[in-house]
Amino acid sequence: MDLALVVNARKKSTPRVLQQLRTSVAGNSHRMLLWAKSAQEVGARPACGAALDGFELVDDIHGGEIVLALGGDGTLLTAVRLLGADLRPLLGINLGSLGFLTDTPEDRAAEALARVLRGDYRLDPRMLLDVELRVPGAPTKRAQALNDVVLHGPGARVVEIGLRAAQVDLGGTLADGMIVATPSGSTAYSLSAGGPIVSPRIRALVVTPISAHTLSMRPLVIGADEDVEIELRRL
């Protein structure tokens, strides 16, 4: 099996965990593909170059049948962005403080990898957001997001936002911004802005205003197949 790795080189334990994972598959036919940018950052750390021994450096992680993200939730989100629409199973190993998505502790990394290689694991499907950015006179930009999409005002200024969700016009408000989150993202920025925690087993979207200047604009949970339109009316 080919395994692709994306790591946060700034974490103190990253070189040690890389060595543990490499040792755990030694003597087997599994290829360890390490994202070249991660490798460059690890190699730049003093006395950490040896941690890269046994890894094949790649610019594209799509060659991995399973992807390992070593770091925090941000590292796993980086792996998702690198994969784009061509997703595959992801194993998140938590080397940081926030582990809502990367819930495997580093002291169980080798054990978790061994179970994956034996096929002893359960997939936990997560939904993605399909995002379109429409600017008059410019081509439409499209992207996908695992956690959320956020509209912010410039600097510390509030913006006037119009909101339409589930084919219902919900009016406008002055706010610092607006968040549309998946259940995975409900424990991230949306939670900090007062949004609810939603189980990832529920197919739903969370629409959370950021410091809205009206009591009528509250966090909203709607079906996952509904469209959400956010219009920036005035800066």
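The model shown is predicted, which means the values in this text are computed figures rather than measured ones.

Draft legend 1. Quick peek at the overall build of the protein chain. Along the backbone of the protein chain there are five helices and 15 strands. Taking the principal axes of its C-alpha atoms as reference, the protein chain extends roughly 60 × 35 × 35 Å. The buried share among the 235 residues of the protein chain stands at 40%. Taking as baseline every contact in the protein chain between residues at least 6 positions apart, the subset at least 24 positions apart corresponds to 61%. About 12700 Å² of surface is accessible on the protein chain, with carbon and sulfur atoms providing 51% of the total. Of the charged side chains in the protein chain, 25 are positive and 26 negative; the average position of the first set lies 4 Å away from that of the second.

Draft legend 2. Structural view of the nonpolar core. Residues Leu5, Leu21, Val42, Leu68, Leu70 and Ile93 are the most contacted members of the largest nonpolar core, which totals 26 residues. With four residues, the top contributor of residues to this core is helix 4 (residues 109-117). Once residues within four sequence positions are removed from consideration, Leu70 is found in contact with Leu5, Val6, Val7, Asn8, Val17, Leu18, Leu21, Thr75, Ile93 and Leu95. Formed by nine residues, the second largest nonpolar core is a distinct cluster that contains Ala4, Leu33, Trp35 and Val67.

Draft legend 3. Highlighting helix 3 (residues 73-83). Three or more residues of helix 3 are buried, namely Asp73, Thr75, Leu76, Leu77, Ala79, Val80 and Leu83. Those residues of helix 3 that are buried are in contact with strand 1 (2-7), strand 4 (66-71) and strand 5 (90-94). At the C-terminal side of helix 3, Gly84 shows a positive phi close to 65°.

Draft legend 4. Local environment of unusual backbone geometry. Backbone geometry places Ala166, a non-glycine residue, at a positive phi of 55°. Judged by relative accessible area, which is 27%, Ala166 ranks as partly exposed. Backbone geometry places Ser211, a non-glycine residue, at a positive phi of 50°. By secondary structure assignment, the location of Ser211 is in the loop between strand 13 (204-210) and strand 14 (220-223).

Draft legend 5. Spatial organisation of the pairing of strand 1. In terms of burial, strand 1 is a largely internal element, six of the six residues being buried. Side chains of strand 1 alternate between two faces, with Asp2, Ala4 and Val6 and Leu3, Leu5 and Val7 buried alike. As paired elements, strand 1 and strand 2 (residues 31-35) share four bridges and run parallel to each other. Opposite Asp2, over in strand 2, you have Arg31 as the bridge partner. By the bridge criterion, five bridges tie strand 1 to strand 4 in an arrangement that is parallel. Looking at strand 4, one finds that Val6 is bridged to Ala69.

Draft legend 6. Structural view of the environment of Gly84. With respect to the secondary-structure elements, Gly84 resides in the loop between helix 3 and strand 5. Placed 61 residues apart in sequence, Gly84 and Ala145 show a C-alpha to C-alpha distance of 8.9 Å.

Draft legend 7. Spatial organisation of the sheet that holds strand 11 (residues 168-175). One open sheet holds the three strands; their spatial order is 11-10-15, and the pairing between them is antiparallel. Of all the strands in the sheet, just strand 11 and strand 15 (228-234) have a single pairing partner and so form its edges. Strand-to-strand twist in this sheet, taken as the mean axis angle between neighbours without regard to direction, amounts to 20°. The pairing of strand 10 (residues 159-165) with strand 11 spans six bridges and is antiparallel. Bridging across to strand 11, Val159 finds its partner in Ala175.

Draft legend 8. Representation of the sheet that holds strand 1. As summarised here, the arrangement of the six strands in space is 3-2-1-4-5-6, forming an open sheet in which the pairing is parallel. Because the sheet does not close on itself, it has two edges, and the strands there are strand 3 (56-58) and strand 6 (104-105). Sitting on the sheet, helix 4 touches strand 1, strand 4, strand 5 and strand 6, and the angle it makes with strand 5 is about 170°.

The rules we used
- Residues numbered from 1 in each chain as written.
- Predicted model: local features only at pLDDT ≥ 70, side-chain atom pairs only at ≥ 80, totals over all residues.
- Heavy atoms only, no water.
- Helix = DSSP H or I, 4+ residues; strand = E, 2+ residues; numbered from the N terminus.
- Buried < 20%, exposed > 50% of the residue type's maximum accessible area, 1.4 Å probe, protein only.
- Contact = heavy atoms within 4.5 Å.
- Areas by Shrake-Rupley, 256 points an atom, 1.4 Å probe, with all protein chains shown as cover.
- Lys, Arg positive; Asp, Glu negative; His and termini not counted.
- Charge placed at Lys NZ, Arg CZ, Asp CG, Glu CD.
- Core = buried A, V, L, I, M, F, W, Y, C linked by side-chain atoms within 4.5 Å.
- Pairing = 2+ DSSP bridges.
- Axes fitted to C-alpha atoms, helices over the stretch in contact; angles between N-to-C directions.

Note that every value here comes from positions in space, so none of it alone points to a role or purpose.
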